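Residue-level structure breakdown
So you can see what is in the structure, the chains are spelled out below.
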Amino acid sequence: MKFNIIKSDGNARTGLIETDRGKIHTPAFIPVGTVGTVKAVTPDELKEMGAEMILCNTYHLYLRPGHEIISSLGGIHKFMNWDRTILTDSGGFQVFSLSALRKIEENGVHFKSHLDGSMHFIGPKEAMEIQSLLGSDIAMVLDDCAPYPSSYEYTVESLERTTMWADQCKEYHKKMQDNPPMSPLTKGGIKGESCIVYRASPQCLFGIIQGGMYNDLRKRSAEELVKIGFDGYAVGGLSVGEPKEEMHEMIYFTAPLLPYYKPRYLMGIGDLKDVLIGVEAGFDMFDCVMPTRNARNGTLFTSRGRISIKREEFKSDRGPLDPDCECYTCRNYSRGYLRHIFLSKEILSMRLNTIHNLYFYFNFFRNMRRFIREGKFKEFKIRWEEIVR
Ligand SMILES: [Zn+2]
């Protein structure tokens, strides 16, 4: 993986990540394809909107259909028909946020599936093995995300575990890159089918900085992870219930602790107000379910702020959702129609809303990159802060 910074403006920067599967212009928005699909849109539609990378959740894919099945079906790209870059998380965050029962031990975490209550275990080795079998282009280390609020003592403990796991992940990852694991299903061949030997392209590995809301611990976490050495660095453990001001302070504080010439990834942050802060601080990658989830709930982003399409005032509105938007939805449908199909719970409503929200996000990022290139990021930030607050 290569990363080049094309232009910086203050701490904000625009650059280019290159993986074996293509280019990603940064700052980049990464849509979330939780179980191997960005809900309600096809890969072709995503490409048309400008998606260059998507995120899939290891936790979900591990539980259903299982990484071994995906591997035996040719790996995650073939499985979901997406030939551009895929980033997988380590599963850690979902274990902490979705699983009702979890027990953290030194060598990993035991957890109960939110689907059927079965018990599972993921440690550094398992996290690397699952992501290796999925065949993603960017894998994430297993980290321990401390809840908010957490005591100083607990956060230290969690940070030390995060560093230890990161170290072990790097070691296992290297071994698996040299000698990729193979799904037992692939080994024997699927009954009645010829054996598919699937070998993923080289995978890079990102470290995750933790340390809760404590500056000294964030600094320590960053130093320890940089010492281990990764292809890129993510900041985790933010947007976990802390006040926005505290989160923004931590974003500004953490960015300069990360190597300048490596991609910096602000995990799970996608509220546009937070994105503006993140980009100003010097982050390059952002993932979030916000545009897709909100679309399905009828909340739409426009150049004049957010709107709820179900509102009475749109009943006989013949205008487009956003007069400044050139997406398929805005070119072809009125607000009155979008309101009608939303209230009628039509499947097309989710599709059209998602197409618009994602297009809006990609366009926002495209324009932001242009403003950084032109040395006018401040202007962009001031203009949008008014709209997205
Ligand atoms: Zn639109």
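Residues numbered from 1 in each chain as written. Predicted model: local features only at pLDDT ≥ 70, side-chain atom pairs only at ≥ 80, totals over all residues. Heavy atoms only, no water.

Moving on, we come to the layout of surface pockets. In this structure, the largest pocket spans a volume of roughly 770 Å³. Lining the largest pocket are 33 residues, and of these Phe93, Gln94, Gly268, Asp287 and Val289 sit closest to its centre. Counting only elements with at least two residues in the lining of the largest pocket, the list comes to helix H5 (92–98), strand S14 (285–288) and helix H12 (290–296). In terms of residues, the lining of the largest pocket owes the most to one element, H12, which gives five residues. The class makeup of the residues in the lining of the largest pocket is 13 nonpolar, 14 polar and six charged. Taken together, 14 residues make up the lining of the second largest pocket; nearest its centre are Ser303, Phe360, Asn363, Asn367 and Trp384. Of all the secondary-structure elements, those providing two or more residues to the lining of the second largest pocket are helix H15 (347–373) and helix H16 (377–388). (1 Å grid on protein atoms, 1.4 Å probe; cavity = no way out; pocket = protein on both sides within 12 Å on 5 of 7 lines; lining within 4 Å. Points joined across faces, edges and corners; volume = space filled by probe spheres on them. Helix = DSSP H or I, 4+ residues; strand = E, 2+ residues; numbered from the N terminus. Nonpolar A, V, L, I, M, F, W, Y, C, P; charged D, E, K, R; others polar.)

Bringing the coordination of the zinc ion into the picture now. Within the protein, the atoms that donate to the zinc ion are Cys325 (SG), Cys327 (SG), Cys330 (SG) and His356 (ND1), at distances of 2.1 to 2.3 Å. Coordination at the zinc ion comes from four donor atoms whose angles at the metal span 99 to 116°, giving a geometry best classed as tetrahedral. Counting the intervening residues between successive donors of the zinc ion yields the motif C-x1-C-x2-C-x25-H. In terms of burial, Cys325 and Cys327 fall into one category: buried. (Donors = N, O, S within 2.8 Å, 3.2 Å for Na, K, Ca; no water. Tetrahedral: all angles 85-135°; square planar, octahedral: opposite > 155°, others 65-115°. Buried < 20%, exposed > 50% of the residue type's maximum accessible area, 1.4 Å probe, protein only.)

This part takes up the sheet that holds strand S9 (residues 119–122). Across the sheet, which stays open at both edges, the three strands sit in the order S7-S8-S9 with antiparallel pairing between neighbours. Edge positions in the open sheet fall to strand S7 (102–105) and S9, since each of these has one partner strand only. Pairs of neighbouring strands in the sheet enclose a mean axial angle of 15°, with direction left out of account. Helix-sheet contacts for helix H7 (residues 152–178) involve S7 and strand S8 (108–112), and the interaxial angle to S7 is about 70°. (Pairing = 2+ DSSP bridges. Axes fitted to C-alpha atoms, helices over the stretch in contact; angles between N-to-C directions. Contact = heavy atoms within 4.5 Å.)

Once that is clear, we can look at the pairing of strand S6 (residues 85–88). Burial of S6 is two-sided: the residues Thr85 and Leu87 facing one way and the residues Ile86 and Thr88 facing the other way are all buried. Judged from the four bridges that link them, strand S5 (residues 53–56) and S6 form a sheet pairing that is parallel. Residue pairing for S6: Leu55 is matched across the bridge by Leu87. In this structure, S6 lies alongside strand S10 (residues 138–140), joined through two bridges in parallel fashion. By the bridge assignment for S10, Leu87 is matched with Ile138.

With parallel pairing, the eight strands of this open sheet are ordered in space as S4-S14-S13-S12-S11-S10-S6-S5. Whereas interior strands pair on both sides, the edge strands pair on one side only; in this sheet they are strand S4 (28–31) and S5. Looking at each pair of strands side by side, their axes are set apart by 25° on average, direction ignored. The sheet strands contacting helix H6 (residues 124–134) are S6, S10 and strand S11 (204–209), and the helix crosses S10 at an angle near 160°.

Moving on: H6. With eight of its 11 residues buried, H6 lies for the most part within the structure. All of the buried residues along H6 are Pro124, Ala127, Met128, Ile130, Gln131, Ser132, Leu133 and Leu134. Of the residues trailing H6, Gly135 is marked for its positive phi of about 85°.

Next up on the list: the pairing of S7. Across four bridges, S7 lies against S8 in antiparallel orientation. Within the sheet, the bridge partner assigned to Glu105 lies in S8 and is Gly108.

In this section: unusual backbone geometry. Geometrically, the link from Thr26 to Pro27 is a cis peptide bond, its omega value of -5° lying close to zero. Secondary-structure assignment places Pro27 in the loop between strand S3 (22–26) and S4. With an omega of -5°, the peptide bond running from Tyr148 to Pro149 counts as cis. Mapped onto the elements of the fold, Pro149 is located in the loop between S10 and H7.

Orientation of helix H14 (residues 335–343) relative to H15, taken along the N-to-C sense of each, is 130°, at an axis distance of 7 Å. Relative to H15, the element H14 lies oblique. H15 is crossed by H14, and the crossing has left-handed handedness. Two secondary-structure elements touch here, H14 through Tyr337, Leu338, Ile341 and Phe342 and H15 through Leu348, Ser349, Leu352 and Asn353. Of the residues belonging to the contact of H14 with H15, the class tally is six nonpolar, two polar and no charged. (Parallel < 35°, antiparallel > 145°, perpendicular 65-115°, else oblique. Left-handed = near helix turned anticlockwise from the far one by under 90°.)

Okay, the pattern of salt bridges next. Here the structure, examined in full by the defined rule, presents 24 salt bridges. One salt bridge in this structure joins Glu313 and Arg311, with 2.1 Å as the shortest N-O distance. In this structure Arg311 comes out as partly exposed when scored by relative accessible area, which is 40%. When the shortest N-O distance is used, the salt bridge between Arg389 and Glu386 registers 3.6 Å. The exposed category is assigned to Arg389, whose relative accessible area is 68%. Here the salt bridges share partners, and the residues they tie into one network are Glu280, Lys378, Lys381 and Glu385. (Salt bridge = Lys/Arg side-chain N within 4 Å of Asp/Glu carboxyl O.)

Turning next to the packing of aromatic side chains. All chains considered together, the criterion is met by 20 aromatic pairs. An angle of 15° between the planes, with centres 6.3 Å apart, marks the rings of Phe301 and Phe360 as stacked. A residue pair is termed long-range when its members are at least 10 positions apart, and Phe301 in strand S15 (residues 299–302) and Phe360 in helix H15 qualify at 59 residues. Comparing Phe301 with Phe360 shows no difference in burial state: the two are buried. Aromatic ring contacts, followed pair by pair, group Phe29, Phe286, Phe301, Phe360, Tyr361, Phe362, Phe364, Phe365, Phe371, Phe377, Phe380 and Trp384 into a single cluster. Lys376 extends its terminal NZ or CZ atom over the ring of Phe371, reaching a point 5.4 Å from the ring centre. (Phe/Tyr/Trp six-rings, centres within 6.5 Å; stacked < 30°, edge-to-face > 60°. Lys NZ or Arg CZ within 6 Å of the ring centre and 35° of its normal.)

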